[in-house]
Amino acid sequence: MTDSARFDDLIHPATRLSIVALLAAADWADFAFVRDQLGLSDSALSKQLATLEEAGYIAIERPLSERRRRVHARLTPLGRARFAGHVAALRGIIASSTSEA
Amino acid sequence: MPWWYWWGLATCWIGLGVSSDVADPWVTVAATVTFGAVHSAVSQRLLAGRQRTSDVKVRADVMGGRAPALVFGCLVGLVAVTIAAAFAASADGARHPATLASVLVAASILLGGPRLMAAIRTDAIRRAQAG
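Notes on the structure in this doc start here. (Residues numbered from 1 in each chain as written. Chains lettered and ligands numbered in written order. Predicted model: local features only at pLDDT ≥ 70, side-chain atom pairs only at ≥ 80, totals over all residues.)

Quick word on the overall build of chain B
Then step 1. When you go through chain B residue by residue, the secondary structure sums to 5 helices and 1 strand.
Then step 2. Reading the helices (α) and strands (β) of chain B from amino to carboxyl end gives α-α-β-α-α-α.
Then step 3. Every one of the 131 residues in chain B was classed for burial, and the buried ones make up 19%.
Then step 4. Here the analysis covers contacts within chain B between residues at least 6 apart in sequence; of these, 55% occur between residues at least 24 apart. (Helix = DSSP H or I, 4+ residues; strand = E, 2+ residues; numbered from the N terminus. Buried ≥ 20, exposed ≤ 12 C-beta atoms within 10 Å, placed from the backbone. Contact = placed C-beta atoms within 7 Å.)

This is the structure:
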């Protein structure tokens, strides 16, 4: 494992991992887009986003210029670093298990 | 890439082919320059993979620089194919060789364009998974 590889318990649960992985590929994503892509309910996604926001991993924005009321989520630099570290840690675990086999 | 990009490209290609056959050469030159300028402006935005939608804005590094290079290379190749096909049709006695050649190439744009983007997408996913 590299120095940046760090297993992150907050990101690891499947739903949050899916959310963070989706946001990692984007500058920002609309709430409805994330919900539809991951097949989550509004309340389930809101709960997970609140947890990630509280940890400082994502930022929630409400653009004023849009006609419709929208909510955008984006990964913060901290969240991006933690996600990269978590992916590296997972890769390390998988690599060690395959080398032992 | 949105569907309208490929249909627009194919339609303009045929338009330029028809123009070469029936219009004044200066009209064709002007149409070609206009097409080049408009296509450059539109494709620059689309090929970067960061066209803003109301749903998501994809990161530039996810797309990489391969897509613009590949699509640009294909366009240059299609220009060469159009010219070669038009000369071949002309040698065969066709009345509208440029139109025939452009229709042939327009069909290949419609059939091959989405497949090219699918290949680029698959390649991007494979590179992302490889880290």
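What follows picks up the thread again.
With respect to the interface of chain A and chain B
Then step 1. At the interface, 7 residues of chain A touch 7 residues of chain B.
Then step 2. If you tally residues by element for the side of chain A that touches chain B, the top one is strand 1 (residues 26-30) of chain A, at 5 residues.
Then step 3. By residue class, the composition of the side of chain A that touches chain B is 5 nonpolar, no polar and 2 charged.
Then step 4. In this structure, strand 1 of chain A lies alongside strand 1 (residues 56-58) of chain B, joined through 3 bridges in antiparallel fashion. Each bridged residue has a counterpart across the sheet, and for A29(A) the counterpart in strand 1 of chain B is V56(B). (Nonpolar A, V, L, I, M, F, W, Y, C, P; charged D, E, K, R; others polar. Pairing = 2+ DSSP bridges.)

Side note on the sheet that holds strand 1 of chain A
Then step 1. Taking strand neighbours across the sheet as the criterion, the 4 strands line up as 2(A)-3(A)-1(A)-1(B) in an open arrangement whose pairing is antiparallel. Two strands bound the open sheet, and with one partner strand each, they are strand 2 (58-61) of chain A together with strand 1 of chain B. Each strand of the sheet is rotated relative to its neighbour by a mean of 20°, with strand direction disregarded.
Then step 2. With 4 bridges connecting them, strand 2 of chain A and strand 3 (residues 72-75) of chain A associate as antiparallel partners. The partner of A59(A) across the bridge, within strand 3 of chain A, is R74(A).
Then step 3. In the packing of helix 1 (residues 14-24) of chain A onto the sheet, the strands contacted are strand 1, strand 2 and strand 3 of chain A, and the crossing angle to strand 3 of chain A comes to about 85°.
Then step 4. Against the sheet, helix 3 (residues 42-54) of chain A contacts strand 2 and strand 3 of chain A, and its axis sits at roughly 120° relative to strand 2 of chain A. (Axes fitted to C-alpha atoms, helices over the stretch in contact; angles between N-to-C directions.)

Remarks on the nonpolar core
Then step 1. Core analysis: the largest hydrophobic core is formed by 15 residues, its most contacted members being V20(A), L23(A), A29(A), I58(A) and A73(A).
Then step 2. With residues up to four places along the chain from it excluded, the contact list for A73(A) reads L23(A), W28(A), A29(A), F31(A), V34(A), L49(A), I58(A) and I60(A).
Then step 3. Listed in part, the 13 residues of the second largest apolar core include Y5(B), W13(B), A86(B) and V105(B). (Core = buried A, V, L, I, M, F, W, Y, C linked by C-beta atoms within 7 Å.)

Some points on helix 1 of chain A
Then step 1. Of the residues making up helix 1 of chain A, those classed as buried are R16(A), I19(A), V20(A) and L23(A). Across the axial projection of helix 1 of chain A, the buried residues extend over an arc of 90°, all falling on one side. (Arc of directions from axis to C-beta.)

Things to note about the packing of helix 1 of chain A against helix 2 (residues 31-38) of chain A
Residues and elements named next belong to chain A.
Then step 1. Two elements in contact, helix 1 and helix 2, have axes whose closest approach is 11 Å; the angle formed by their N-to-C orientations is 125°. In this view, helix 1 runs oblique relative to helix 2, as classed from their interaxial angle. Relative to helix 2, helix 1 is oriented so that their crossing is right-handed. The segment helix 1 lies against helix 2, with S18, I19 and L22 engaging V34, Q37 and L38.
Then step 2. Here the residues of the contact of helix 1 with helix 2 sort into 4 nonpolar, 2 polar and no charged. (Parallel < 35°, antiparallel > 145°, perpendicular 65-115°, else oblique. Left-handed = near helix turned anticlockwise from the far one by under 90°.)

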